[in-house]
Amino acid sequence: MIHDFTYLKPSSLQEALSMLAEHKDECKVICGGQSLLIIMRQGLLVTDYLVDIKHIKELDYIQFDAKAGLKIGATTTHHIIETSDVIKKNYPVLAAMENKLASIQVRNWGTIGGNLAHADPAGDPGPVLVALNANIKVGGAQGDRTMALEDFFVDFFETALEEGEIVLEVQVPTPEAKTGAAYQKFNLLESDQGMVAAAAAVTLNGGGTCKDVRVVLGNAGSKPIRVKKIEELLTGKGYNEGLFAEAGTIASEDCEPVSDIHASEEHRRHLLGVLTKRMLKQAWEQAKG
Ligand SMILES: Cc1cc2nc3c(=O)[nH]c(=O)nc-3n(C[C@H](O)[C@H](O)[C@H](O)COP(=O)(O)OP(=O)(O)OC[C@H]3O[C@@H](n4cnc5c(N)ncnc54)[C@H](O)[C@@H]3O)c2cc1C
């Protein structure tokens, strides 16, 4: 049962921030409610006030400029991202990931800001956006600040958001020429959260060696894990199946997956190795093409 609360519906970002500043830790932001309402119904979260930001138009946008990159407002839904022409063209891995996130009902109502703020280690957008080197802009009554998305995730369901702050925008740089990116989650139901997941982004030099690479694991610990040892292993090297296999081994070791009813820790480590190798190959092939 959901405990009683007062529902507040600000008509602007400014008003929402004032409400959050006034009610401090007695209030919580709600956007699509796809995650929040579940934990409220389970009694895991009790709050006196809910500040509904879903209808704040100034947070609902997708902007792209080849120099400035991509900006996605926090209340943009997964479905709008999935079907955006500019995202499909310039960040196909992002659109493809969104297409496999939950059901169409959840994608129609759940938002990118809500997904990232919820910080579920099994969330799909986190690993892909960290692999794409995204930043996140957050803001409160005292002003805005921007940080690497990688630093935004702190622990299981915990972020760097301070009291009274909300997620405003996700920023993704324009991929360099000769960049490829791939993401896959392993799940039993097509549109469910992954038991584990891996994202890879590869940028090649003119000669075909690796200029830059990022591998980010999902549901492999308390937050998306960037495997820097793989970056060190592959940077400067050419396409090499043996190195991809080595990278897979590193990924399966350099993580902290849990055992639960869905899979054992050992099985998760195995899957992370397989997915890492596969995503690296896919991203590399794309970068070449
Ligand atoms: C059946 C089902 C299947 C799902 N499958 C997947 C899946 O396969 N992959 C996946 O990644 N996710 C999955 N999800 C999770 C879903 O993507 C998220 O629930 C959704 O994106 C959260 O967005 P929301 O707007 O509904 O957030 P809400 O539920 O409204 O809020 C979630 C949390 O974020 C906070 N919050 C919301 N917006 C902001 C903001 N702008 N600033 C600060 N805090 C904010 C809230 O206070 C709350 O703590 C699934 C959910 C369901 C119900």
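Here is a short report on the structure shown in this document. Computed from a predicted structure; not experimentally measured. (Residues numbered from 1 in each chain as written. Predicted model: local features only at pLDDT ≥ 70, side-chain atom pairs only at ≥ 80, totals over all residues. Heavy atoms only, no water.)

### Overview of unusual backbone geometry
Move 1: A positive phi angle, close to 65°, is found at Asn133, a residue other than glycine.
Move 2: As for its position among the elements, Asn133 is in the loop between helix H8 (125-131) and strand E6 (135-140).
Move 3: With relative accessibility at 40%, the residue Asn133 sits in the partly exposed group.
Move 4: You will see that Phe157, though not glycine, has its phi angle at about 55°, which is positive.
Move 5: As for its position among the elements, Phe157 is in the loop between strand E8 (153-155) and strand E9 (158-159).
Move 6: When its relative accessible area of 46% is taken as the criterion, Phe157 is described as partly exposed. (Helix = DSSP H or I, 4+ residues; strand = E, 2+ residues; numbered from the N terminus. Buried < 20%, exposed > 50% of the residue type's maximum accessible area, 1.4 Å probe, protein only.)

### Re the packing of aromatic side chains
Move 1: All chains considered together, the criterion is met by five aromatic pairs.
Move 2: Judged by centre distance (5.9 Å) and plane angle (85°), the rings of Phe64 and Tyr91 are edge-to-face. Of the two residues, Phe64 sits in strand E4 (residues 62-65) while Tyr91 sits in the loop between helix H4 (85-90) and helix H5 (92-99), which places them 27 residues apart along the sequence.
Move 3: We classify Tyr91 as buried; its relative accessible area is 2%.
Move 4: When the ring of Tyr239 is compared with that of Trp284, the centres are 5.9 Å apart and the planes differ by 85°; the resulting orientation is edge-to-face. Of the two residues, Tyr239 is situated in the loop between helix H10 (228-234) and helix H11 (241-253) and Trp284 in helix H12 (residues 265-288); the sequence distance between them amounts to 45 residues.
Move 5: The partly exposed category is assigned to Tyr239, whose relative accessible area is 31%.
Move 6: Here the basic side chain of Lys54 rests over the ring of Trp109, its NZ or CZ set 4.2 Å away from the ring centre. (Phe/Tyr/Trp six-rings, centres within 6.5 Å; stacked < 30°, edge-to-face > 60°. Lys NZ or Arg CZ within 6 Å of the ring centre and 35° of its normal.)

### What about the sheet that holds strand E13 (residues 210-218)?
Move 1: Spatially, four strands are ordered E11-E12-E13-E14 in an open sheet, and the strand pairing comes out antiparallel. In the strand order of this sheet, the two ends are held by strand E11 (179-186) and strand E14 (225-226), each with one partner.
Move 2: Bridging between strand E12 (residues 196-204) and E13 involves eight bridges; their strand directions are antiparallel. The partner of Thr203 across the bridge, within E13, is Asp212. (Pairing = 2+ DSSP bridges.)

### Side note on the site of the ligand
Move 1: What surrounds the ligand is a group of 32 residues, the closest being Val29, Ser35, His78, Thr111 and Asp124.
Move 2: In this structure, Gly32 approaches the ligand through a main-chain N or O atom, which is 2.7 Å from an oxygen atom.
Move 3: Within the backbone of Gly33, a nitrogen or oxygen atom sits 2.7 Å from an oxygen atom of the ligand.
Move 4: Coverage of the ligand by the protein chains reaches 88% of its 970 Å² of free accessible surface.
Move 5: Looking at the shell around the ligand, the elements with two or more residues in it are strand E2 (27-30), helix H2 (36-41), helix H7 (112-118) and strand E10 (166-172).
Move 6: Sort the elements by how many residues they give to the shell around the ligand and H7 lands first, with four residues. (Near = heavy atom within 4 Å. Polar contact = N/O pair within 3.5 Å; in protein donor to acceptor, adjacent residues only side chain to side chain. Areas by Shrake-Rupley, 256 points an atom, 1.4 Å probe, with all protein chains shown as cover.)

### Digging into the environment of Val86
Move 1: Here Val86 shows up in helix H4.
Move 2: Taking C-alpha positions, Val86 is 34 Å from Met19, a pair spaced 67 residues apart along the chain.
Move 3: If sequence neighbours within four positions are ignored, Val86 has contacts with Ile62, Phe64 and Tyr91. (Contact = heavy atoms within 4.5 Å.)

### Some remarks on the side chain of Ser222
Move 1: You can see Ser222 is positioned in the loop between E13 and E14.
Move 2: Polar contacts involving the side chain of Ser222 include one to the side chain of Asp155, which spans 3.4 Å.
Move 3: Those residues in contact with Ser222, other than ones at most four positions away along the chain, are Pro121, Asp155 and Phe156.

### Let's talk about the environment of Ser103
Move 1: Relative to the assigned elements, Ser103 resides in the loop between H5 and helix H6 (104-109).
Move 2: In the structure, Ser103 is positioned 80 residues away from Tyr183 in sequence and 18 Å away in space, judged by C-alpha atoms.

### Focus: the pairing of E2
Move 1: Alignment of E2 against strand E3 (residues 49-52), held across four bridges, turns out to be parallel. For Val29, the partnering residue across the bridge sits in E3 and is Val51.
Move 2: In the classification by handedness, the crossover that spans E2, the intervening H2 and the parallel E3 is right-handed. (Right-handed = clockwise from strand over helix to strand, strands pointing away.)

### Thoughts on the pattern of salt bridges
When charged atoms on two side chains of opposite charge get close, those side chains can pair.
Move 1: Taken as a whole, this structure holds 12 salt bridges when the rule is applied.
Move 2: A salt bridge links Arg145 to Glu165; its shortest N-O distance comes to 2.8 Å. With a gap of 20 residues between them, Arg145 in strand E7 (residues 143-148) and Glu165 in the loop between E9 and E10 connect regions that are remote in the sequence.
Move 3: The shortest N-O distance in the salt bridge between Glu265 and Arg269 comes to 2.9 Å. Here Arg269 and Glu265 lie together in helix H12, a separation of four residues that amounts to about one turn.
Move 4: Each of Glu150, Arg226 and Glu231 takes part in one network of salt bridges that share partners. (Salt bridge = Lys/Arg side-chain N within 4 Å of Asp/Glu carboxyl O.)

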